[in-house]
Amino acid sequence: MLELKKRRLDMDVEWGKEDGEEDCEETDQSNLDDRIVKLHQPANNLDDKEDELHQIFDCTSAFSTSEAFCSKEAFITWAKEVGKENGFVVIIKASEPGGAGKKPRLRLACERSGNYRQSKYKPKGQMHRKSTGTKKCGCPFEIHGVKLAKDDEWGVKVVFGSHNHLPTAQLEGHSFAGRLSEKEKTMVFDMSKSMAKPKDILETLKQLDEKNMTTMKTIYNARQRYKLIEEAGRTQIQQLMKQLDECKYVEWHRSNESTGCVRDLFWAHPAGIELLHAFPSVLIMDGTSKNNRYRLPLLEIVGVTSIDLTFSVAFVYIEVELEDNYIWAMEKLRSLMSFDRLPSVVVTACDLELMNAIRKVFPNTTNLLCRWHISKAVLDNCKKFFERKEKWEAFMSTWSVLVFSSDEYEYQRHLSILETDYHTYPRALKYVRDAWLSRYKESFVAAWTNKIMHFGNVTTNRAEGAHAKLKKHLGCSQGDFDTSWNIIISLIELQHVEIKASFRKSLILVEHNLNQTLFKDLNGLVSRSAFDMILKEAERANQVGIDKLPCGCVIRGTHGLPCAHEIAEFIKEGRPIPLSVVHPHWTKLDLMKGKVNEVCSELTIVPELEAIFRRFTACDEAGKLALKRRLRELGDPTMFHI
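From a predicted model like this one, the values you see are computed outputs, not experimental measurements. (Residues numbered from 1 in each chain as written. Predicted model: local features only at pLDDT ≥ 70, side-chain atom pairs only at ≥ 80, totals over all residues. Heavy atoms only, no water.)

## Observations concerning the packing of aromatic side chains
Any two aromatic rings considered together are summarised by their centre-to-centre distance and by the angle between their planes.
Then step 1. Applying the stated criterion to the full structure yields 21 aromatic pairs.
Then step 2. Judged by centre distance (5.5 Å) and plane angle (50 degrees), the ring pair of Phe-57 and Phe-88 falls under tilted. Of the two residues, Phe-57 sits in strand β1 (residues 57-58) while Phe-88 sits in the loop between α4 (72-85) and β2 (90-96), which places them 31 residues apart along the sequence.
Then step 3. When the ring of Phe-386 is compared with that of Tyr-425, the centres are 4.2 Å apart and the planes differ by 20 degrees; the resulting orientation is stacked. Here Phe-386 is found in the loop between α12 (371-382) and α13 (389-403), whereas its partner Tyr-425 is found in the loop between α14 (408-421) and α15 (426-444), with 39 residues between them in sequence. Across the pair, exposure class does not vary: Phe-386 and Tyr-425 are buried alike.
Then step 4. Sitting above the plane of the Phe-531 ring, Arg-528 keeps its charged end 5.0 Å from the centroid. (Phe/Tyr/Trp six-rings, centres within 6.5 Å; stacked < 30°, edge-to-face > 60°. Helix = DSSP H or I, 4+ residues; strand = E, 2+ residues; numbered from the N terminus. Buried < 20%, exposed > 50% of the residue type's maximum accessible area, 1.4 Å probe, protein only. Lys NZ or Arg CZ within 6 Å of the ring centre and 35° of its normal.)

## Quick notes on the nonpolar core
Then step 1. If you look at the biggest cluster of nonpolar residues, it comprises 36 residues, and the most contacted ones within it are Met-285, Ile-301, Met-330 and Leu-333.
Then step 2. At the level of elements, β8 (262-268), α9 (270-278), β9 (282-288), β10 (298-304), β11 (310-317), α10 (323-335), α11 (352-361) and α18 (481-508) are the ones that each hand at least two residues to this core.
Then step 3. At six residues, the largest contribution of residues to this core is made by α10.
Then step 4. Listed in part, the 33 residues of the second largest apolar core include Val-302, Leu-518, Cys-553 and Ile-567. (Core = buried A, V, L, I, M, F, W, Y, C linked by side-chain atoms within 4.5 Å.)

## Comments concerning a nonpolar patch on the surface
Then step 1. The grouping of Leu-507, Ile-508 and Leu-509 at the surface amounts to a nonpolar patch, some 250 Å² of accessible area in total.
Then step 2. Looking at the element boundaries, Leu-507 is found in helix α18. (Patch = residues over 30% accessible without salt bridge, like charges linked within 9 Å, V, L, I, M, F, W, Y side chains within 5 Å. Areas by Shrake-Rupley, 256 points an atom, 1.4 Å probe, with all protein chains shown as cover. Salt bridge = Lys/Arg side-chain N within 4 Å of Asp/Glu carboxyl O.)

## Digging into the pairing of β11
Then step 1. Burial analysis of β11 places seven of its eight residues in the buried class, which makes it a mostly covered element.
Then step 2. Sheet topology places β8 next to β11; three bridges connect them, and they run antiparallel. Directly across from Phe-266, in β11, lies its bridge partner Val-316.
Then step 3. The sheet contact formed by β10 and β11 spans seven bridges and is antiparallel. Residue pairing across strands places Glu-300 opposite Phe-315, the latter belonging to β11.
Then step 4. The turn linking β10 back onto β11 is made up of five residues, and Asp-308 within it adopts a positive phi angle of 65 degrees. (Pairing = 2+ DSSP bridges.)

## Observations regarding the environment of Cys-563
Then step 1. Here Cys-563 is to be found in the loop between α22 (554-558) and α23 (564-573).
Then step 2. Each residue touching Cys-563, except ones within four places of it in the same chain, is listed here: Glu-537, Cys-551, Cys-553, Ile-555 and Arg-556. (Contact = heavy atoms within 4.5 Å.)

## Here we look at the sheet that holds strand β12 (residues 345-348)
Then step 1. Read from one edge of the open sheet, seven strands run β7-β8-β11-β10-β9-β12-β13, paired in mixed fashion. Sheet topology places β7 (250-255) and β13 (366-369) at the edges, where each strand pairs with a single neighbour. On average, adjacent strands in this sheet sit at an angle of 20 degrees to one another, irrespective of strand direction.
Then step 2. Sheet topology places β12 next to β13; four bridges connect them, and they run parallel. Across the sheet, Val-346 pairs through a bridge with Asn-367, a residue of β13.
Then step 3. α11 contacts β9, β10, β12 and β13 of the sheet and is inclined by roughly 170 degrees relative to β12. (Axes fitted to C-alpha atoms, helices over the stretch in contact; angles between N-to-C directions.)

## Some thoughts on the pattern of salt bridges
Then step 1. Throughout the structure, instances matching the rule amount to 23 salt bridges.
Then step 2. For Asp-434, the salt bridge is made with Lys-430, and the minimal N-O distance between the two is 2.8 Å. Taken together, the positions of Asp-434 and Lys-430, both in helix α15 and four residues apart, correspond to about one turn of that helix.
Then step 3. The partly exposed category is assigned to Asp-434, whose relative accessible area is 36%.

## Considering helix α6 (residues 198-208)
Then step 1. Every buried residue of α6 is accounted for by Pro-198, Ile-201, Leu-202 and Leu-205. The arc enclosing the buried residues of α6, seen along the axis, measures out at 95 degrees, which places them on a common side. (Arc of directions from axis to C-beta.)

## Focus: the sheet that holds strand β3 (residues 105-110)
Then step 1. Reading across from one edge, β2-β3-β4-β5 is the order of the four strands in this open sheet, with antiparallel pairing throughout. Lying at the two open borders of the sheet, with one neighbouring strand each, are β2 and β5 (154-160). Direction aside, neighbouring strands of the sheet carry axes that sit 25 degrees apart on average.
Then step 2. Bridging between β2 and β3 involves six bridges; their strand directions are antiparallel. Each bridged residue has a counterpart across the sheet, and for Ser-95 the counterpart in β3 is Leu-106.

## Some points on unusual backbone geometry
Then step 1. The phi dihedral of Asp-308 falls on the positive side, at around 65 degrees, and the residue is not glycine.
Then step 2. Phi is positive for Cys-553, which is not a glycine, with a value near 55 degrees.
Then step 3. Note on placement: Cys-553 falls in the loop between α21 (548-551) and α22.

## Here's the deal with the pairing of β8
Then step 1. Within β8, six of the seven residues are buried, which leaves the element mostly enclosed by the surrounding structure.
Then step 2. In this structure, β7 lies alongside β8, joined through six bridges in antiparallel fashion. Bridge pairing in β8 places Arg-254 opposite Asp-264.
Then step 3. Linking β7 back to β8 in an antiparallel pair, the connection comprises six residues, with Gly-260 at a positive phi of about 80 degrees.

## A short note on α23
Then step 1. Looking at α23, one finds that the buried residues are Ala-564, His-565, Glu-566, Ile-567, Ala-568 and Phe-570.
Then step 2. Just downstream of α23, Gly-574 is the residue with a positive phi angle, here 70 degrees.

Here it is as structure tokens:
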């Protein structure tokens, strides 16, 4: 035991005391002697003495080395790794920068060094001391790192190499052992931005480093710390606006003039706007309020490309689902589009407020209603009237046949069958007739929708699918704006990558075993989705022939593609299908470049600023304050909150 009192290592490294270092050594030695005395205080009995002997663990040989480390960081990393290998956690106890004749020095110790010091602070009203504990036990282990004279090299000096406690078999749960390195922190942040879950992040860290002692709590804390740093005291809506501005999103909002709180917020990705300009014909809109803790409705607007992929156009947080809020959102959407390239079809659920807003802002646009939502409404309101499951299923089958009637004559025939077969269920018939057929049949029954070029979009399933992806990655409905933003931006970027790859595939891929004469004018010029539909019509052409009646010509009216009887005529004449019979929507295999809007073609705001100044001059004091507030809101949207 006495050998532990003073242990100095003869090292090959030349330490060389400089002026002023002897006093420091004497102080270190005095402190060391005090620790050794405490370590070897006489035991009260033989059993205590034996327990004390078992608790002393010598690590001197493990930390004894003549190696010179290339940097301070390399020395610290080495010391911590050696400590882990021996079942101890090494921490930085003190750092001396040097100067005035002293060398820079690092003092490393065991995480259980020192003693617990009770806080003098006692919260008001606290009658009893909190139940707490400490892992400190006055462990005397200490090594020093000293900067050598050569370059930035560092040497090791073991001051006291023994611990007064046994090593641990597992280091998991030790706060210092589980700390993340800077490289690991960066990985956690990057994986979090890529929508990786905490458990997947932790698993990746442990795969890269089998000695990693990080716990799930550390991952959550690191993510929360990064989030707080990013927000820098801003509110959720201010942080969202800051991110929109940094990422060059198109953003509009309107606020309550008295409180400054944001009422509605519209934002769109630049690439989404480019896709909107390229494919403006059909838009699908649907809202949800189950993706944020504030229960603010989120209206998502999506479009469809020529390769039948969905792209996000814009997102709108609205205060309430009223016509005025929807009109504001539709006006902002229209401002993104050219006057000659407005949507011809918009598909929505049966939301009267949204439907009215679309009719006012896009008067020449056809508003189709989602068949899926209508069928769900029929289910919710009519199933209760049927006692037997078999009768209800038969009713829904007849209803589906009615909805998919190919023409008005078929519609009237199927409606007559429905009313005859289920006349004993008058309340069910009254609901479907009054709520849907009398008012909206032109918006969802195939007899009328087959005359509209909707490119196969008669439900809001695309928008619903986008909502489903968002909710899946959120994991719950209590997320904040920042969480929703990170997930939405990742999903949008993945969308754009997939769309660009599909464009390229349509341009270069040529189908085998095709009638090269018939399709030679379409190869590489028409999207794969359109090509597949044309191939199916070509197969029908052999049965239909050139007669229009059995053909039906549905795909010509709904998709703008050659139908079976047209293809039969081309085959009969022995000439290829010309590109001119294909709607331009299907031949667009890139993003439109050029001017965005006639209003935006003149990139100057001088006339507008002059008009604002004239208005400001003419206003009274209250009007000037209101106008100044609006200008400040435009200049710095992050200063407003929700």
